[in-house]
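Analysis of the macromolecular model
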Amino acid sequence: MNGTDLDVVALGNAIVDVLSESDDRFLELHGLPKGGMQLIDESQAKKLYGDMGPGVEMSGGSAANTVVGVAALGGRAAFIGRVQDDQLGEVFTHDIRASGVAFEPPAPKPGAATARCLILVTPDAQRTMNTFLGASAELGPDDIDPAIIARAQVTYLEGYLWDPEPAKAAFRKAMDAAKDAGRKVALTLSDSFCVDRHRAEFRELVKGPVDILFANEAEIMSLYETDSFDSALAQVQKETHLAVLTRSEKGCVIVSEGEPLVISASKPDMLVDSTGAGDLFAAGFLFGYTAGRGLADCGRLGAIAAAEVISHYGARPEKDLKTLIGGV
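Keep in mind the model is a prediction, meaning the values are calculated, not measured.

Rules behind the numbers
Residues numbered from 1 in each chain as written. Predicted model: local features only at pLDDT ≥ 70, side-chain atom pairs only at ≥ 80, totals over all residues. Heavy atoms only, no water. Axes fitted to C-alpha atoms, helices over the stretch in contact; angles between N-to-C directions. Helix = DSSP H or I, 4+ residues; strand = E, 2+ residues; numbered from the N terminus. Left-handed = near helix turned anticlockwise from the far one by under 90°. Contact = heavy atoms within 4.5 Å. Nonpolar A, V, L, I, M, F, W, Y, C, P; charged D, E, K, R; others polar. Pairing = 2+ DSSP bridges. Salt bridge = Lys/Arg side-chain N within 4 Å of Asp/Glu carboxyl O. Buried < 20%, exposed > 50% of the residue type's maximum accessible area, 1.4 Å probe, protein only. Right-handed = clockwise from strand over helix to strand, strands pointing away. Polar contact = N/O pair within 3.5 Å; in protein donor to acceptor, adjacent residues only side chain to side chain.

Some thoughts on the packing of helix α10 (residues 277-290) against helix α11 (residues 295-309)
Two numbers describe how α10 lies on α11: the axes approach to 7 Å, and their chain directions differ by 145°. For the crossing formed where α10 meets α11, the hand is right-handed. Contacts between α10 and α11 pair Ala277, Leu280, Phe281, Gly284, Phe285, Phe287, Gly288 and Tyr289 from the former with Leu295, Cys298, Gly299, Leu301, Gly302, Ala303, Ala305, Ala306 and Val309 from the latter. Tallied by class, residues from the contact of α10 with α11 come to 13 nonpolar, four polar and no charged.

What to know about the sheet that holds strand β2 (residues 15-21)
Strands pair in a sheet through their backbones, by hydrogen bonds, and they do so in one of two ways: parallel or antiparallel. An order of β3-β8-β7-β2-β4 is seen for the five strands of this open sheet, with the pairing classed as mixed. This sheet does not close on itself; its edge strands, each paired only once, are β3 (37-39) and β4 (56-60). If you compare each strand with its neighbour and ignore which way they point, the axes differ by 25° on average. Here strand β7 (residues 115-121) pairs with strand β8 (residues 127-132) via six bridges, running antiparallel. The partner of Cys117 across the bridge, within β8, is Thr131. Against the sheet, helix α4 (residues 87-98) contacts β2, β4 and β7, and its axis sits at roughly 60° relative to β4.

Section: the pattern of salt bridges
One pass over the full model with this rule turns up 17 salt bridges. A salt bridge links Asp24 to Lys34; its shortest N-O distance comes to 3.0 Å. Highlighted residues: Asp24 in helix α1 (residues 24-29) and Lys34 in the loop between α1 and β3, separated in sequence by ten residues. For the salt bridge of Lys47 with Asp51, the shortest nitrogen-to-oxygen distance reads 2.6 Å. Here Asp51 and Lys47 lie together in helix α2 (residues 42-51), a separation of four residues that amounts to about one turn. By relative accessible area, which is 33% here, Asp51 ends up partly exposed. A network of salt bridges, in which partner residues are shared, links Asp24, Lys34 and Asp124.

Here's the deal with the pairing of strand β5 (residues 77-80)
Along β5, one buried face is formed by Ala77 and Phe79 and the opposite face, lined by Ala78 and Ile80, is buried too. With four bridges joining them, strand β1 (residues 6-11) and β5 adopt parallel strand pairing. Note on β5: the bridge partner recorded for Ala10 is Phe79. The pairing of β5 with strand β6 (residues 102-103) spans two bridges and is classified as parallel. Considered in β6, the bridge of Phe79 is made with Phe103. Of the crossover connections in this fold, the one passing from β5 over α4 to the parallel β6 is right-handed.

Here we look at the side chain of Asn65
The topology assignment puts Asn65 in helix α3 (residues 62-72). Residue class for Asn65 comes out buried when judged on its relative accessible area of 2%. Of note is the side chain of Asn65, whose polar atom sits 3.0 Å from the side chain of Asp279. In this structure the side chain of Asn65 is engaged in a polar contact, spanning 2.7 Å, whose partner is the side chain of Arg316. In contact with Asn65, not counting residues within four places along its chain, are Ser59, Gly60, Asp279, Leu280, Ala315 and Arg316.

Quick look at the structure:
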């Protein structure tokens, strides 16, 4: 697109992930919904952190993971999110910049600490996420510079951040700026529990300003309140321009004009941790999309990036993604 020097700019939670191996009994004892994401407060975060086993700390956040993936593939990416002036805030800022993503955090406000997500990974590679949003939830419209939005082909929005009212206002300002500049808006539904909380508003976004929708099987069925994936697929095809629906080992379905495209999943070297699979799938897809690739190629790029990230702990790529996609 003319006048763009960025492929993707993402708005999302600036979070440091803490990953720890766990088992189903630990989840049951703590009342944690396996495979889902729940919001916790600062006191709950401290208690759960104290009960968890040894952990690995690394920068995360769904949309942040996606733009790190875009940069790892060779794309041009930026991130908008809030951190606090504390140790984890410094870690997040260093990590995302070192990944090649442009990030200029807004001036910190007194108050909540930098966000963290406590991730419990069970032997079946399912991840159960417990998120203290902290400073990231304080993102507001004053933190959105329309000039940065106008520089990017796609503005990518993280559904997780739709909970706080100031963040909603920030999202709406970013969507308006993207539309004013003739750019595209992408939304990831993030989690079926998130969809349950905001179904009506998400439906309006899908039918309105959103050009590209990312969702997994559970999320799209929750959005349309059906237990049939085919039914949800038929409904989303009527309501949005482009939907990318991931189905784990079944691959993905890309819905646009005409017949849906079915793309096979890429087989990982080893299934270790599903954290970040959807984030990196979106990275691969958006990298291809902003480079003018066909939708089938975009889907294959997404599948390759997702397979890499689930072959190890953590939601950021470890192998050279440019090498992995060499033949696509």
